[in-house]
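The primary structure of each chain is shown beneath.
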Amino acid sequence: MREFLVEITTTIPEGTGQDEADRRRAAEAVRAKELAATGHLARLWRPVGELRSIGVWRAADEAELHEKVLGTLPLRPWMTVAVTPLESHPNDPGRVDGTR
């Protein structure tokens, strides 16, 4: 699987009821756990003081990432997403492939 840096900003549409927002947030937490268990969601952070997320996500390619991974998130219709494909850096201390 390839890795992608994904920046997500979620904006709840004006007029959305609190019950609907809470229901989707709860479903989002469940789906995130499922995606982590399958290896699609590797890491997820929230910058201090901001209402956005930055994560490392995995998929076969960018099309799969959008369609079969991010597209399955309950909050996806309310998200703005920026995706950056990643590749290993030769000086990455966490590199496990042993090549240089």
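Going by the structure above, here's the rest.
Residues numbered from 1 in each chain as written. Predicted model: local features only at pLDDT ≥ 70, side-chain atom pairs only at ≥ 80, totals over all residues. Heavy atoms only, no water.

Some remarks on the environment of Ile12
Within the element layout of this structure, Ile12 appears in the loop between strand S1 (2-10) and helix H1 (18-37). Distance from Ile12 to Met79, taken between C-alpha atoms, is 8.5 Å for residues 67 residues apart in sequence. Residues contacting Ile12, with those up to four places away along its chain left out, are Ala21, Arg25 and Trp78. (Helix = DSSP H or I, 4+ residues; strand = E, 2+ residues; numbered from the N terminus. Contact = heavy atoms within 4.5 Å.)

Quick notes on the sheet that holds S1
One open sheet holds the 4 strands; their spatial order is S2-S3-S1-S4, and the pairing between them is antiparallel. Edge strands, defined here as strands with exactly one partner in the open sheet, are strand S2 (41-45) and strand S4 (79-86). With strand direction ignored, the average angle separating the axes of adjacent strands in the sheet is 20 degrees. Where S2 lies against strand S3 (residues 52-59), 4 bridges are found, and the strand directions are antiparallel. Bridged to Arg43 within S3 is Val56. (Pairing = 2+ DSSP bridges. Axes fitted to C-alpha atoms, helices over the stretch in contact; angles between N-to-C directions.)

Side note on the pattern of salt bridges
Overall, the coordinates contain 7 salt bridges when judged by the stated rule. A salt bridge links Glu20 to Arg23; its shortest N-O distance comes to 2.9 Å. Pair noted here: Glu20 and Arg23 are both in helix H1, with a separation of 3 residues, about one helical turn. For Glu20, a relative accessible area of 27% translates into the label partly exposed. Here Arg23 falls in the partly exposed class, since its relative accessible area comes to 49%. Linking Glu20 and Arg24 is a salt bridge whose minimum nitrogen-to-oxygen distance equals 2.7 Å. Pair noted here: Glu20 and Arg24 are both in helix H1, with a separation of 4 residues, about one helical turn. Arg24 gets classed as buried once you look at its relative accessible area, which sits at 18%. (Salt bridge = Lys/Arg side-chain N within 4 Å of Asp/Glu carboxyl O. Buried < 20%, exposed > 50% of the residue type's maximum accessible area, 1.4 Å probe, protein only.)

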